[in-house]
Every structure is written in C-alpha cells, then in structure tokens.
Amino acid sequence: MPLHPSAPIVVLTGAGISRESGLHTFRDADGIWAQVRIEDVATPEAFARNPRRVQDFYNARRRGLLSPEIRPNPAHAALAELERRWAGEVLVVTQNIDDLHERASSKTLIHMHGELLKVFCAHCRFTQEIRTDLSVEDVCPNCGRKGGLRPDVVWFGEMPYHMERIYEALTGCDLFVSIGTSGNVYPAAGFVAEAGAAGALTVELNLEPSAGATLFDRSIQGPATEVVPAFVRDLLAGAV
C-alpha cells in the first residue's frame with residue numbers, strides 16, 4: 001500500500017550525502033578520523049588541553065565549507081523538494097555540521113551534532129554565527145570574557161541536540177529514511193529501531209549497506225546524488 005500523501009516523514013542524513021559535494025566523511029579509510037585523532041580535536045578535554053589546536057582544526061574545516069566549489073548536490077535538492085511538495089511534515093535530522101541542507105532550501109531541519117558556522121561561549125552559552133576564523137583570544141560579545149568561544153559542535157562525550165524532539169518525531173512518523181550514514185554512531189544508529197518499533201516503514205539509502213542495514217525494511221545502494229532523487233520521485237508519485 002502506498003504511503004499516505006500526508007504521512008509524517010523523518011529523514012536522517014549523514015556524511016555520505018555531503019561527500020558528493022566535496023566534503024570529507026569521518027569514518028572512511030581516507031576520512032577525517034584517519035588523519036586526525038578524535039582525542040586531539042573533538043572532545044571537551046582536547047579543548048581544555050590545547051584550545052588553539054582545536055580552533056585551528058575547525059577553522060580549516062570552516063574555510064573548506066565556505067569554499068566556492070562546495071555546493072548542495074542533487075540529493076540535498078531532492079529533500080528540499082520533498083519538503084515543499086509533500087502534504088505532511090518532512091523533518092530532516094542531520095548528523096552533518098555543514099549548511100548544505102539550508103543552502104538547498106530545507107526548512108524543517110535539526111542539526112543534532114551542531115553547526116560549523118556557529119560558535120557558543122562556554123562561559124555564558126551565548127551563540128552566534130561565524131564565517132571567519134576563531135581565535136582563543138576572541139572575546140565573547142555577550143559576557144566580555146575571552147577563551148570560552150568554541151565551535152557549536154557536539155563533541156564526543158557530549159549530548160546531541162534536540163533529542164526529545166527527535167524521538168517524538170521518530171515515534172510519530174510513518175516513514176523513516178536514513179541517507180549516507182555508517183550505522184556505527186549512537187544515538188543516531190538506534191533511530192531505525194525506534195521508528196520501526198512504532199510502526200514506520202524504514203528505508204536505507206546508502207553507497208553500501210551500513211552496519212545496521214538488516215534493521216531496515218528496504219535497503220537501496222548507490223550514490224546519494226542518484227538514489228535520493230529517484231526515491232523522492234517514487235515517493236511523490238505514490239510508488240513507495
């Protein structure tokens with residue numbers, strides 16, 4: 001039976017959807033964590049121990065994201081089109097810290113791991129957008145203290161953002177789609193079981209089967225720029 005045209009949908013996206021836009025993934029053999037130790041740049045302890053090194057790492061990533069050649073790809077565009085044309089709610093939950101979903105015009109979006117183009121003050125929790133390099137000498141415009149501004153990115157050992165809203169959406173959706181994720185990182189890796197237990201149809205779109213591929217009702221392999229637009233076309237045509 002085709003999905004009802006007003007059925008709520010939750011889409012989880014991971015690094016695989018942005019790889020074809022030119023951004024490196026984390027866990028591939030040639031990914032970011034094969035080149036830099038997590039313990040050195042992506043934990044609260046790393047920031048306390050060597051904030052300059054952490055800032056340099058994220059400054060380089062921010063500059064890369066803002067390079068003219070990095071743009072949304074057809075997979076990002078297809079999800080934005082789905083949101084525009086689907087009668088029910090389409091919530092995109094992304095593990096990515098880039099802004100490619102926003103650039104593609106997605107509106108109903110949760111960055112569960114934070115955003116590279118934002119910083120917050122560890123002293124007063126003030127958050128602001130940033131498109132330049134961040135320095136350990138920078139002063140928070142809200143509290144006036146320096147040394148506390150850090151990327152608004154969820155590091156290892158920290159709680160992802162908006163989990164209550166995410167779980168509420170998972171238990172209320174009729175379709176859960178996972179795109180470009182490894183299936184190794186929790187809590188996101190557990191979303192398929194959460195949605196499936198609530199009765200949702202679960203679909204994985206990935207370059208290759210993830211670690212949790214057998215948990216999905218359907219698994220479709222191929223580049224995100226091909227399989228995501230094709231799946232969205234089928235969905236809008238009532239063929240899913």
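K.L.:
Would you mind showing me how to read the packing of aromatic side chains here?
P.N.:
Centre-to-centre distance and the angle between the planes together describe a pair of aromatic rings. Taken as a whole and judged by the stated rule, the model has five aromatic pairs. Their ring planes at 15° and their centres at 6.3 Å tell us that Phe176 and Phe216 sit as a pair that is stacked. Residue Phe176 is found in strand E7 (residues 175–179), and its partner Phe216 is found in the loop between strand E8 (201–206) and strand E9 (218–221); the two are separated by 40 residues along the sequence. Residue classification places Phe216 among the buried residues on the basis of a relative accessible area of 11%. The ring of Trp155 carries Arg150 above its face, with NZ or CZ at 3.6 Å from the centroid.

K.L.:
So what exactly am I meant to see when it comes to the sheet that holds strand E3 (residues 109–111) here?
P.N.:
Across a sheet, strands are paired by hydrogen bonds formed along the backbone, either parallel or antiparallel in direction. If you walk across this open sheet you meet the six strands as E3-E2-E1-E7-E8-E9, and the pairing is parallel. One side of each edge strand has no neighbouring strand; the edge strands of this open sheet are E3 and E9. With direction set aside, neighbouring strand axes in the sheet form an average angle of 15°. Where strand E2 (residues 90–94) meets E3, three bridges bridge the pair, whose relative direction is parallel. Directly across from Thr94, in E3, lies its bridge partner His111. Each of strand E1 (9–13), E2 and E7 touches helix H5 (residues 74–85); the most contacted strand, E1, lies at about 165° to it.

K.L.:
I tried to follow the packing of H5 against helix H9 (residues 224–236) on my own but got confused; where do I start?
P.N.:
For any two helices packed against each other, the geometry is given by the interaxial angle and the distance between the axes. One can describe the packing of H5 onto H9 by two numbers: an axis separation of 8 Å at closest approach and a directional angle of 15°. With respect to H9, the element H5 is oriented roughly parallel. Regarding H5 and H9, the two cross each other, and that crossing is left-handed. For the pair formed by H5 and H9, the contact residues are Pro74, Ala75, Ala78, Leu79, Glu81, Leu82 and Arg85 on the first element and Ala224, Thr225, Val228, Pro229, Val232, Leu235 and Leu236 on the second. The class makeup of the residues in the contact of H5 with H9 is eleven nonpolar, one polar and two charged.

K.L.:
What is the right way to look at the sheet that holds strand E4 (residues 114–121) in this model?
P.N.:
Overall, antiparallel pairing links the three strands, which are arranged E5-E4-E6 in an open sheet. Each end of this open sheet is capped by a strand with a single partner; those strands are strand E5 (127–129) and strand E6 (149–153). Within the sheet, the average angular offset between the axes of one strand and its neighbour, ignoring direction, is 40°. As paired elements, E4 and E6 share five bridges and run antiparallel to each other. Note that in E6 the partner of Gly114 across the bridge is Val153. Docked against the sheet, helix H4 (residues 51–65) engages E4 and E6, running at close to 140° with respect to E4.

The rules behind each value
- Sequence order sets the numbering: in each chain, residues are counted from 1 along the sequence as written.
- Only residues with pLDDT of 70 or above have their local features reported here, since the model is predicted, and side-chain atom pairs are shown and tallied only from 80 upward, although totals for entire chains, interfaces and linings are computed over all residues.
- The side-chain figures draw on all heavy atoms in the structure; neither hydrogens nor water molecules are used.
- For Phe, Tyr and Trp, where Trp contributes only its six-membered ring, two rings pair if their centres lie within 6.5 Å, and the inter-plane angle classes them as stacked under 30 degrees, edge-to-face over 60, or tilted in between.
- Secondary structure elements follow DSSP: runs of H or I no shorter than four residues count as helices, runs of E no shorter than two count as strands, and numbering proceeds from the N terminus.
- Classification of residues uses two cut-offs on accessible area relative to the type maximum, computed with a 1.4 Å probe and protein chains only: under 20% is buried, over 50% is exposed, and between them is partly exposed.
- Cation placement over rings: the criterion is NZ of Lys or CZ of Arg within 6 Å of the ring centroid and within 35° of the ring normal.
- Two strands qualify as a pair provided that DSSP identifies no fewer than 2 bridges between them.
- Interaxial angles span 0 to 180 degrees and are taken between N-to-C directions of axes, which are lines fitted to C-alpha atoms, for helices over the stretch in contact.
- Note on contacts: a residue pair qualifies if any of its non-hydrogen atoms lie within 4.5 Å across the two residues.
- Comment on the angle field: the value is read as roughly parallel under 35 degrees, roughly antiparallel over 145, roughly perpendicular from 65 to 115, and oblique elsewhere.
- Crossings are classed by handedness, with left-handed meaning an anticlockwise turn of the near helix from the far one by less than a right angle and right-handed meaning a clockwise turn.
- In this classification, the charged set is Asp, Glu, Lys and Arg, the nonpolar set is Ala, Val, Leu, Ile, Met, Phe, Trp, Tyr, Cys and Pro, and all remaining amino acids, among them Gly, are polar.

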